[in-house]
Amino acid sequence: MNDYKTIAESNNFIILDKYTKYSQVNESYQSESDLEQEFITDLVNQGYEYIPGLNTTKKMLVNVRRQLQSLNKVQFLDEEWQRFVEQYLDKPSDNSIDKTRKIHDDFIYDFVFDDGHIQNIYLLDKKNIARNKVQVIKQFEQTGTQANRYDVTVLVNGLPLVQIELKKRGVAIREAFNQVHRYSKESLNTDNSLFKYLQLFVISNGTLKRNLDKEDNKIVVTTIQKLNNLMKGEGDLPIYSKQVVFIFDEAHRSQFGEAQKNLKKKFKKFYQFGFTGTPIFPISVPIERRST
């Protein structure tokens, strides 16, 4: 676009300078929309199906029906599906604790079809987890005491199990926490909300290197994937030579593979603590210390 700026001005005339303004990309800035899309693209590259436009309860129920029919190799008649939803999937008296029990313990339901035969209907296949369909949606709209739109939601067999709230760089992460807290009071637990199935909230602002650079950041929460991307992309950082304590959850996964090899190469002084409920070895995960 063409802009003009004043060079000289008097009562009788104005001298303007013409110049062409070129858009410049500020690499330190990323909008929430861009962050959303980048995150979704990462999930798609890992095998998740992205469903644009799935943003209402009615559409979610249609998708849940499709996924559960596929998982259980069955076709519900409309009346049967309505009965399954009311009696089990989204029972009116259910709260979030009841829904959680269905995910962890009561995920198989003996359903009586209209012709009289009984079949086990699984919400999840916990023996062959590859059979479960993982999908991602964004900007789901739901109204409770207030109308809300959620950033990114991960569906497993159509059920919303993980909610991710994203904030652009520079925005306090506490803002996303407050937003999730508000959702839980205003719309997540409303009647006929499948979001009562949520098992995990994730908050991120996409910032991992900037947090490490701050002197006042003593604790940084991240994922093993983000940490590995940092180590692969940044050849030399001051943090590599400082004393660092790593605390890993699900240590049976994070203590092996590329990330662990890169960590040992990059960091000169570090301690590791690992927590796991399913250890690979009969002994506890050792604590490792390296120092110069």
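Calculation notes
Residues numbered from 1 in each chain as written. Predicted model: local features only at pLDDT ≥ 70, side-chain atom pairs only at ≥ 80, totals over all residues. Heavy atoms only, no water. Buried < 20%, exposed > 50% of the residue type's maximum accessible area, 1.4 Å probe, protein only. Helix = DSSP H or I, 4+ residues; strand = E, 2+ residues; numbered from the N terminus. Arc of directions from axis to C-beta. Axes fitted to C-alpha atoms, helices over the stretch in contact; angles between N-to-C directions. Parallel < 35°, antiparallel > 145°, perpendicular 65-115°, else oblique. Contact = heavy atoms within 4.5 Å. Nonpolar A, V, L, I, M, F, W, Y, C, P; charged D, E, K, R; others polar. pLDDT = per-residue confidence, 0-100. Salt bridge = Lys/Arg side-chain N within 4 Å of Asp/Glu carboxyl O. Pairing = 2+ DSSP bridges. Patch = residues over 30% accessible without salt bridge, like charges linked within 9 Å, V, L, I, M, F, W, Y side chains within 5 Å. Areas by Shrake-Rupley, 256 points an atom, 1.4 Å probe, with all protein chains shown as cover. Core = buried A, V, L, I, M, F, W, Y, C linked by side-chain atoms within 4.5 Å. Phe/Tyr/Trp six-rings, centres within 6.5 Å; stacked < 30°, edge-to-face > 60°. Lys NZ or Arg CZ within 6 Å of the ring centre and 35° of its normal.

Examining helix α9 (residues 258-266)
Here comes step 1: Those residues of α9 that fall on the buried side of the exposure criterion are Ala259, Gln260, Asn262 and Leu263. End-on view of α9: buried residues confined to an arc of 165°, all on one side of the axis. Among the exposed residues of α9, those pointing more than 90 degrees away from its buried face are Lys261 and Lys265.

Observations regarding the packing of helix α2 (residues 57-72) against helix α3 (residues 78-89)
Here comes step 1: As a packed pair, α2 and α3 sit with axes 12 Å apart at the nearest point and diverge in direction by 100°. When the interaxial angle is binned, α2 and α3 end up roughly perpendicular. Here α2 contributes Leu61, Val64, Arg65 and Leu68 to the contact with α3, which in turn contributes Asp78, Trp81, Phe84, Val85 and Leu89.
Here comes step 2: Partitioned by chemical class, the residues of the contact of α2 with α3 number seven nonpolar, no polar and two charged.

Quick notes on the confidence of the model for the chain
Here comes step 1: Summarising the model, the chain shows a mean pLDDT of 81, and 76% of its residues fall at 70 or more.
Here comes step 2: Taken element by element, the predicted model of the chain shows its lowest mean pLDDT in strand β12 (residues 288-290) (55) and its highest in strand β5 (residues 118-122) (97).
Here comes step 3: Note that pLDDT drops below 50 for residues 21-28; the model gives that stretch four contacts with residues more than four away or on any other chain.

Regarding the pattern of salt bridges
Here comes step 1: Under the counting rule described, the total for this entry stands at nine salt bridges.
Here comes step 2: Across the pair aspartate 78 and arginine 65 runs a salt bridge whose closest N-O atoms are separated by 3.0 Å. Remark: arginine 65 occurs in helix α2 and aspartate 78 occurs in helix α3; sequence separation between them is 13 residues.
Here comes step 3: In this structure, arginine 101 and aspartate 98 form a salt bridge, with 3.3 Å as the shortest nitrogen-oxygen distance. With arginine 101 and aspartate 98 both in helix α4 (residues 96-104), this residue pair falls three residues apart, about one helical turn.
Here comes step 4: Given the relative accessible area of 47%, arginine 101 is considered partly exposed.
Here comes step 5: Residues joined in a network through salt bridges with shared partners are Asp90, Asp94, Lys99 and Lys102.

Description of α3
Here comes step 1: Considered for burial, the residues of α3 that qualify are Glu80, Trp81, Phe84, Val85, Tyr88 and Leu89. All buried residues of α3 project into a common sector of 135° when viewed along the axis, lining one side. Among the exposed residues of α3, those pointing more than 90 degrees away from its buried face are Asp78 and Glu79.
Here comes step 2: Residues of α3 that are buried sit in contact with α2, α4, β4 (108-112), β5 and β8 (159-166).

Some remarks on the sheet that holds strand β9 (residues 200-204)
Here comes step 1: Spatially, five strands are ordered β3-β6-β7-β8-β9 in an open sheet, and the strand pairing comes out mixed. Each edge of the open sheet carries a strand with a single partner, namely β3 (49-50) and β9.
Here comes step 2: On top of the sheet, α2 reaches β6 (134-143), β7 (147-156) and β8; it is set at about 150° to β6, its chief contact.

Structural notes on a nonpolar patch on the surface
Here comes step 1: Taken together, the side chains of Val245, Ile247, Phe273 and Phe275 present a nonpolar region at the surface, about 400 Å² in accessible area.
Here comes step 2: Among the secondary structure elements, phenylalanine 273 is positioned in strand β11 (residues 269-275).

Focus on the nonpolar core
Here comes step 1: If you look at the biggest cluster of nonpolar residues, it comprises 41 residues, and the most contacted ones within it are Met60, Phe84, Leu89 and Leu123.
Here comes step 2: Within the residue set of this core, elements represented by two or more residues are α1 (32-45), α2, α3, β6, β7 and β8.
Here comes step 3: If we ignore the near neighbours within four places in the chain, the residues touching phenylalanine 84 are Leu68, Phe76, Leu89, Tyr109, Phe111 and Ile121.
Here comes step 4: Ranked by size, the runner-up nonpolar core spans twelve residues in total, among them Leu237, Ile239, Val244 and Phe248.

Quick notes on the packing of aromatic side chains
Here comes step 1: All told, the structure shown has 18 aromatic pairs when counted by the stated rule.
Here comes step 2: Judged by centre distance (6.3 Å) and plane angle (15°), the ring pair of phenylalanine 140 and tyrosine 150 falls under stacked. Taken as a pair, phenylalanine 140 in strand β6 and tyrosine 150 in strand β7 lie far apart in primary sequence, ten residues in all.
Here comes step 3: Residue phenylalanine 140 is classed as buried on the basis of its relative accessible area of 0%.
Here comes step 4: Assessed through its relative accessible area of 0%, tyrosine 150 is described here as buried.
Here comes step 5: Look at phenylalanine 246 and phenylalanine 270: their rings are 6.1 Å apart centre to centre, the planes differ by 75°, and that puts the pair in the edge-to-face class. Highlighted residues: phenylalanine 246 in strand β10 (residues 243-249) and phenylalanine 270 in strand β11, separated in sequence by 24 residues. Phenylalanine 270 shares its class with phenylalanine 246; the two are buried.
Here comes step 6: A network of ring pairs unites the aromatic residues Phe76, Trp81, Phe84, Tyr88, Tyr109, Phe111 and Phe113 as a single cluster.
Here comes step 7: Between lysine 102 and the ring centre of tyrosine 88, over which it is positioned, the NZ or CZ distance is 4.7 Å.

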